[in-house]
Amino acid sequence: MHPPETTTKMASVRFMVTPTKIDDIPGLSDTSPDLSSRSSSRVRFSSRESVPETSRSEPMSEMSGATTSLATVALDPASDRTSNPQDVTEDPSQNSITGEHSQLLDDGHKKARNAYLNNSNYEEGDEYFDKNLALFEEEMDTRPKVSSLLNRMANYTNLTQGAKEHEEAENISEGKKKPAKTPQMGTFMGVYLPCLQNIFGVILFLRLTWVVGTAGVLQAFAIVLICCCCTMLTAISMSAIATNGVVPAGGSYFMISRALGPEFGGAVGLCFYLGTTFAAAMYILGAIEIFLVYIVPRAAIFRSDDALKESAAMLNNMRVYGTAFLVLMVLVVFIGVRYVNKFASLFLACVIVSILAIYAGAIKSSFAPPHFPVCMLGNRTLSSRHIDICSKTKEINNMTVPSKLWGFFCNSSQFFNATCDEYFVHNNVTSIQGIPGLASGVITENLWSNYLPKGEIIEKPSAKSSDVLGSLNHEYVLVDITTSFTLLVGIFFPSVTGIMAGSNRSGDLKDAQKSIPIGTILAILTTSIVYLSNVVLFGACIEGVVLRDKFGDAVKGNLVVGTLSWPSPWVIVIGSFFSTCGAGLQSLTGAPRLLQAIAKDNIIPFLRVFGHSKANGEPTWALLLTAAIAELGILIASLDLVAPILSMFFLMCYLFVNLACALQTLLRTPNWRPRFRYYHWALSFMGMSICLALMFISSWYYAIVAMVIAGMIYKYIEYQGAEKEWGDGIRGLSLSAARFALLRLEEGPPHTKNWRPQLLVLLKLDEDLHVKHPRLLTFASQLKAGKGLTIVGSVIVGNFLENYGEALAAEQTIKHLMEAEKVKGFCQLVVAAKLREGISHLIQSCGLGGMKHNTVVMGWPNGWRQSEDARAWKTFIGTVRVTTAAHLALLVAKNISFFPSNVEQFSEGNIDVWWIVHDGGMLMLLPFLLKQHKVWRKCSIRIFTVAQLEDNSIQMKKDLATFLYHLRIEAEVEVVEM
């Protein structure tokens with residue numbers, strides 16, 4: 001690995017400091033004004049990374065009666081020479097970011113600038129000042145005027161950050177730019193209504209009555225309240241993030257990624273994408289269920305007379321029609337989003353009309369309940385799909401004949417010689433009102449839960465019934481799925497998602513920072529009130545057996561919520577069908593764009609292909625992938641099984657939104673200044689806790705799968721090395737954790753049990769800034785095996801301002817070598833006037849707090865006897881003295897060039913230790929640490945010690961073996977007698 005050159009071609013960013021003396025500047029002398037004596041004077045610091053053809057000179061201080069002026073010149077990165085200052089036409093308004101004009105030289109002095117710009121005749125000891133002194137600086141090629149800067153900030157484009165189109169738009173000249181369309185949408189049209197449309201969905205119309213009947217009014221109220229609290233707390237956190245600066249289009253993905261970093265952003269962004277994609281599948285399955293069960297039941301392709309096989313046939317129908325619907329919707333989205341947007345108002349109207357119909361029907365039921373009789377056999381509910389009359393017999397021509405119901409429970413249609421079901425014989429057939437109405441008091445029966453296993457008959461507990469078992473008949477209304485509180489939570493939660501709709505439309509909003517919090521929170525309050533009131537209304541108006549009847553078999557196949565609505569059940573059926581189709585179209589429109597935004601950020605390399613789009617901007621490849629994933633959800637074919645899946649992904653997304661807000665609030669990062677003030681870290685943590693609890697309550701195995709998927713994506717992005725820097729909160733969290741750990745380390749000296757060598761490796765560089773002995777790093781990596789602290793230090797002799805470029809190049813060289821040798825640590829480079837002083841500075845100042853080195857590693861000075869330069873051995877002796885004075889251990893590696901590399905592995909061999917002076921056991925520890933590395937793993941340790949004439953060598957060997965036994969180190973012991 002070659003280090004970067006240190007000549008003028010060393011790096012793309014170069015620094016050149018040109019000193020000047022006061023005598024070199026015509027017109028300036030000792031009569032220059034004394035800046036320090038003026039109370040109203042100001043010292044201005046300016047900075048540019050690449051300001052071509054500009055120079056500035058400012059008097060900085062007065063010393064010994066003379067004013068010293070230093071000029072700094074920036075080089076154009078595109079060229080290897082400084083520009084001619086005489087060609088510069090300087091705008092006074094560009095001298096500082098405030099546009100104020102500060103002129104220290106008059107017009108006559110400008111002409112003489114070339115006399116000192118490139119002047120390199122300076123004496124040692126002169127002071128130098130770098131030009132790069134700004135605290136903050138926009139990355140712009142040229143310094144703009146204040147007016148143009150403010151204009152650009154006001155007309156901020158919220159295209160997807162990182163998108164190619166955004167970068168191209170920045171490079172288009174002013175004359176070719178199209179006039180930007182000013183956003184005009186307010187809170188109501190831009191946030192409130194889209195959020196309402198996205199939150200109200202298929203679950204409200206198809207499953208909420210079933211949830212109320214199964215869980216009871218109290219538990220259903222608790223389920224809805226918990227889910228609504230989760231989204232409300234998330235909306236508060238989201239509002240804080242959304243009002244902390246300009247919100248880009250992209251919704252929660254951009255919020256999380258810019259707040260928590262690319263790893264979390266990519267992981268949660270993909271989870272949110274998968275959730276939106278499965279939501280499309282859920283909406284399509286809901287639309288198909290409405291179509292096949294309530295609108296056109298005869299359209300079913302697969303049929304079965306067997307009750308047990310009927311559900312399987314229905315699933316196959318869902319798969320076939322769902323796939324057809326998906327293809328149709330994908331074609332609509334592919335043709336153009338404008339067609340989806342044209343029908344958005346129609347779909348919204350369907351939702352609002354359907355909800356109003358429910359309230360109208362509930363009010364009407366208090367004085368004129370609709371007539372939907374439910375046929376009961378004893379306390380068991382009968383399906384009214386196939387029976388003509390709710391009676392065992394019927395009158396025809398003044399004759400009593402068996403009804404269809406008789407034929408279902410008896411083996412003969414005659415009264416005589418017929419063998420009937422025992423339960424049918426002992427119980428009467430009665431008819432009850434399916435919608436007793438608001439004033440009936442039926443809510444007292446519906447307060448409590450009634451969870452049943454799959455295949456159980458839906459019964460009315462208060463009805464009379466003979467205690468006879470009887471046989472299971474397919475004319476009963478049966479439970480199609482085993483129910484529990486946790487299952488209902490997972491099924492209901494998707495009906496409160498959709499709170500990100502406002503943030504996704506931030507590009508169309510007149511004032512996004514004001515509209516997003518108000519519109520989103522009002523939408524959640526509205527939907528929460530609707531859901532909670534509907535729970536109470538359903539429990540107060542509808543009979544319990546009808547509520548628990550998921551598909552309306554007891555009310556002649558009508559949609560249960562439709563039976564309550566006014567003026568007709570078809571209002572709900574048609575309205576819910578169109579609103580569900582619209583929600584599916586919106587999901588298929590939003591999901592590909594979210595994937596495209598993730599792909600264009602280029603944090604997940606294998607998704608790069610999905611960042612491409614058609615000429616009109618439609619993400620074609622992302623749409624195809626979305627359709628493929630949605631097809632997987634449709635193949636599941638059950639709304640009740642798909643809903644918990646997308647609940648997991650949305651809950652994880654909301655969890656990280658709350659985490660992002662809580663972290664930013666607790667870390668108090670300087671840029672965390674939301675306009676939305678009604679947030680608190682405790683609310684965010686509460687929201688995060690509720691999200692985590694709901695994940696495991698609804699389905700613990702789905703929660704684990706979702707977390708594993710997110711974790712794998714996180715580690716993949718981390719492994720690939722995300723190069724994005726978004727000022728994320730995780731970096732701030734790492735800093736706070738590191739600070740806390742360092743302060744803990746300062747509390748006391750480390751215990752001897754925790755002692756390990758923390759290395760400061762001193763490297764020597766040659767004239768070309770190459771490391772002379774790279775095997776020192778090999779030794780360090782084998783000794784440390786990635787554990788503990790390693791600091792690699794080196795000294796460049798010279799002046800810091802002169803040798804700053806060389807120091808950067810040498811630091812990069814050492815870092816590349818550390819990476820190649822797999823040394824996990826830090827690099828510290830010092831520029832000093834003398835080598836011994838630089839080494840002394842390194843030994844004294846390296847490390848931070850308790851993370852300081854305790855061992856210095858250096859090489860033996862080769863050929864110091866033959867060297868004409870006496871500084872070689874003096875530097876070595878000085879380093880030994882400084883290390884001793886600092887009470888540090890010293891490891892001196894001799895013949896380090898013969899040391900094995902990391903790729904070599906010894907199959908056998910010995911590590912010999914000559915233990916002559918007692919050193920506290922460090923010599924015993926070093927071979928043990930080396931043996932942890934794969935290179936030395938198969939080697940044996942031999943300990944040699946020296947016995948003098950008066951010593952008992954046999955006893956010494958025994959004592960040393962016992963000492964090693966207590967140290968738990970396996971080694972051979974040899975005593976050498978003198």
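Residues numbered from 1 in each chain as written. Predicted model: local features only at pLDDT ≥ 70, side-chain atom pairs only at ≥ 80, totals over all residues. Heavy atoms only, no water.

1. Considering the overall build of the chain
In terms of regular secondary structure, the chain is built from 30 helices and 16 strands. Taking all 978 residues of the chain together, the buried fraction comes to 47%. For the chain, the share of sequence-separated contacts (at least 6 apart) that also reach a separation of at least 24 residues comes to 79%. Summing over all exposed atoms, the chain offers an accessible surface of approximately 50300 Å²; the carbon and sulfur share of this is 58%. (Helix = DSSP H or I, 4+ residues; strand = E, 2+ residues; numbered from the N terminus. Buried < 20%, exposed > 50% of the residue type's maximum accessible area, 1.4 Å probe, protein only. Contact = heavy atoms within 4.5 Å. Areas by Shrake-Rupley, 256 points an atom, 1.4 Å probe, with all protein chains shown as cover.)

2. Some words on the packing of helix H6 (residues 208-242) against helix H16 (residues 512-541)
At a minimum axis separation of 9 Å, H6 and H16 run at an interaxial angle of 175 degrees. Between H6 and H16, the crossing angle belongs to the class labelled roughly antiparallel. Of the residues contributing to the contact of H6 with H16, the split by class is 23 nonpolar, eight polar and no charged. (Axes fitted to C-alpha atoms, helices over the stretch in contact; angles between N-to-C directions. Parallel < 35°, antiparallel > 145°, perpendicular 65-115°, else oblique. Nonpolar A, V, L, I, M, F, W, Y, C, P; charged D, E, K, R; others polar.)

3. What about the pattern of salt bridges?
Applying the stated rule across the entire model yields twelve salt bridges. The residue Arg 380 makes a salt bridge to Glu 459 at a minimum N-O spacing of 3.8 Å. Of this pair, Arg 380 sits in strand S5 (residues 380-381) while Glu 459 sits in the loop between strand S8 (429-433) and helix H14 (485-492); the two residues are 79 residues apart in sequence, bridging distant segments of the chain. Glu 459 sits in the partly exposed class, given a relative accessible area of 32%. By sharing partners, the salt bridges in this structure join Arg 207, Glu 289, Asp 480, Lys 550 and Asp 640 into a single network. (Salt bridge = Lys/Arg side-chain N within 4 Å of Asp/Glu carboxyl O.)

4. A look at the sheet that holds strand S14 (residues 910-914)
As summarised here, the arrangement of the three strands in space is S14-S15-S16, forming an open sheet in which the pairing is parallel. One side of each edge strand has no neighbouring strand; the edge strands of this open sheet are S14 and strand S16 (972-977). Between one strand axis and the next, the sheet turns through 25 degrees on average, direction left out of account. Note that S14 and strand S15 (residues 940-947) share five bridges and pair parallel. (Pairing = 2+ DSSP bridges.)

5. Some details on a nonpolar patch on the surface
On the surface, Leu 692, Phe 696, Trp 700, Tyr 701, Ile 704, Met 707, Val 708 and Met 712 cluster together to form a nonpolar patch covering roughly 790 Å² of accessible area. Contributions of two or more residues to the nonpolar patch are made by helix H22 (681-698) and helix H23 (700-720). For the nonpolar patch, the leading source of residues is H23, giving six residues. Following the sequence through the fold, Ile 704 ends up in helix H23. (Patch = residues over 30% accessible without salt bridge, like charges linked within 9 Å, V, L, I, M, F, W, Y side chains within 5 Å.)

6. Here's the deal with the nonpolar core
If you look at the biggest cluster of nonpolar residues, it comprises 176 residues, and the most contacted ones within it are Met 282, Phe 492, Phe 493, Tyr 531, Phe 538, Ile 542 and Phe 656. Tallying contributions element by element places helix H8 (residues 262-295) first for this core, with 23 residues. In this structure, Phe 493 is in contact with Cys 227, Cys 230, Ser 647, Phe 650, Leu 651, Tyr 654 and Leu 694, ignoring residues within four places of it in sequence. (Core = buried A, V, L, I, M, F, W, Y, C linked by side-chain atoms within 4.5 Å.)

7. Focus on the packing of aromatic side chains
Counted according to the given criterion, the structure contains 28 aromatic pairs. One cation-aromatic arrangement involves Arg 380 over Tyr 423; the distance from NZ or CZ to the ring centre is 3.7 Å. The cationic tip of Lys 894 hangs over the ring face of Trp 860; the distance from NZ or CZ to the ring centre is 5.1 Å. (Phe/Tyr/Trp six-rings, centres within 6.5 Å; stacked < 30°, edge-to-face > 60°. Lys NZ or Arg CZ within 6 Å of the ring centre and 35° of its normal.)

8. Topic: the sheet that holds strand S4 (residues 373-377)
The three strands are arranged S5-S4-S8 in an open sheet whose pairing can be described as antiparallel. Edge positions in the sheet fall to S5 and S8, since each of these pairs with one other strand and no more. Bridging between S4 and S5 involves two bridges; their strand directions are antiparallel. When the sheet's bridge partners are listed, Leu 377 is paired in S5 with Arg 380.

9. With respect to the pairing of strand S9 (residues 759-763)
When you tally the buried positions in S9, you get five out of five residues, the bulk of the element. Neither face of S9 is open: one carries Leu 759, Val 761 and Leu 763, the other Leu 760 and Leu 762, and all of them are buried. Inspection of the sheet shows S9 paired to strand S10 (residues 790-797) by five bridges, in the parallel sense. Residue pairing across strands places Leu 762 opposite Gly 793, the latter belonging to S10. In this structure, S9 lies alongside strand S12 (residues 855-859), joined through three bridges in parallel fashion. Along S12, the bridge assignment pairs Leu 760 with Val 856.

10. What to know about unusual backbone geometry
Cis geometry is found at the peptide bond from Trp 566 to Pro 567, where omega equals 15 degrees. Inspection of the secondary structure puts Pro 567 in the loop between helix H18 (560-564) and helix H19 (569-601). Positive phi is not limited to glycine here, since Ala 637 has a value of about 70 degrees. Of note, Ala 637 is situated in the loop between helix H20 (620-636) and helix H21 (639-667). Ala 637 gets classed as buried once you look at its relative accessible area, which sits at 2%. Look at Leu 769: it is not a glycine, yet its phi comes out positive at around 65 degrees. By the element assignment, Leu 769 lies in the loop between S9 and helix H25 (775-784).

11. Section: the packing of helix H4 (residues 187-199) against H16
For the pair H4 and H16, the least separation of the axes is 8 Å and the interaxial angle reads 35 degrees. The interaxial crossing formed by H4 with H16 has right-handed handedness. Contact with H4, carried on its side by Thr 187, Val 191, Tyr 192, Cys 195, Leu 196 and Ile 199, involves Ser 515, Ile 516, Ile 518, Gly 519, Thr 520, Leu 522, Ala 523, Ile 524, Thr 526, Thr 527 and Tyr 531 of H16 and no other residues of that element. (Left-handed = near helix turned anticlockwise from the far one by under 90°.)

12. Let's talk about the side chain of Ser 698
Considering the arrangement of structural elements, one finds Ser 698 in helix H22. The exposure class assigned to Ser 698 is buried, which follows from its relative accessible area of 10%. At a separation of 2.8 Å, a polar atom in the side chain of Ser 698 contacts the main-chain carbonyl oxygen of Leu 694. Reaching out from Ser 698, the side chain makes a polar contact with the backbone oxygen of Met 695 at a distance of 3.2 Å. Beyond its immediate sequence surroundings of up to four residues, Ser 698 is in contact with Thr 486, Val 489, Gly 490 and Met 648. (Polar contact = N/O pair within 3.5 Å; in protein donor to acceptor, adjacent residues only side chain to side chain.)

13. So, the state of the cysteines
One pass over the full model with this rule turns up two disulfides. The partner cysteine of Cys 375 in its disulfide is Cys 390, sulfur to sulfur 2.0 Å. Torsion about the S-S bond of the Cys 375 and Cys 390 cystine: about 90 degrees, corresponding to right-handed handedness. Here Cys 390 lies in the loop between S5 and strand S6 (393-396) and Cys 375 lies in strand S4, a separation of 15 residues in the sequence. Residue classification places Cys 390 among the partly exposed positions, given a relative accessible area of 27%. (Disulfide = S-S within 2.5 Å.)

14. Some thoughts on the confidence of the model for the chain
In the predicted model, the chain carries a mean pLDDT of 78, and the fraction of residues at 70 or more is 77%. This model gives residues 1-142 a pLDDT under 50, and the stretch forms 175 contacts once residues within four places in sequence are excluded. Segment residues 152-175: pLDDT under 50, and 29 contacts once partners within four positions in sequence are set aside and those in other chains are kept. (pLDDT = per-residue confidence, 0-100.)

15. Quick look at H19
For the α-helix, the turn length of 3.6 residues means that residues three or four positions removed from each other point alike. Helix length check: H19 (33 residues) gives 48 Å between terminal C-alpha atoms against 48 Å at 1.5 Å per residue, within 8%. When you tally the buried positions in H19, you get 26 out of 33 residues, the bulk of the element. Phi for Asn 602, located one or two positions after H19, is positive at around 60 degrees. (Expected span 1.5 Å × (residues − 1).)

16. A short note on H21
The first and last C-alpha atoms of H21 sit 42 Å apart over 29 residues, in line with the 42 Å expected at 1.5 Å per residue. In terms of burial, H21 is a largely internal element, 26 of the 29 residues being buried. Looking at the residues trailing H21, positive phi occurs at Arg 668, about 50 degrees.

17. Examining the environment of Lys 852
Here Lys 852 lies in the loop between helix H27 (835-845) and S12. For Lys 852, a relative accessible area of 34% gives the class partly exposed. Taking the C-alpha atoms as reference, Lys 852 lies 8.7 Å from Leu 759; in sequence the two are 93 residues apart. Those residues within four positions of Lys 852 in sequence are excluded, and the remaining contacts are Gln 758, Leu 789, Gln 844, Ser 845, Cys 846 and Gly 847. Polar contacts involving the side chain of Lys 852 include one to the main-chain carbonyl oxygen of Cys 846, which spans 2.9 Å.

18. A closer look at the environment of Met 232
On the secondary structure map, Met 232 appears in helix H6. When the C-alpha atoms of Met 232 and Ile 524 are compared, they prove to be 6.5 Å apart, with 292 residues separating the residues in sequence. Among residues more than four places away in sequence, those in contact with Met 232 are Ile 521, Ile 524 and Leu 525.

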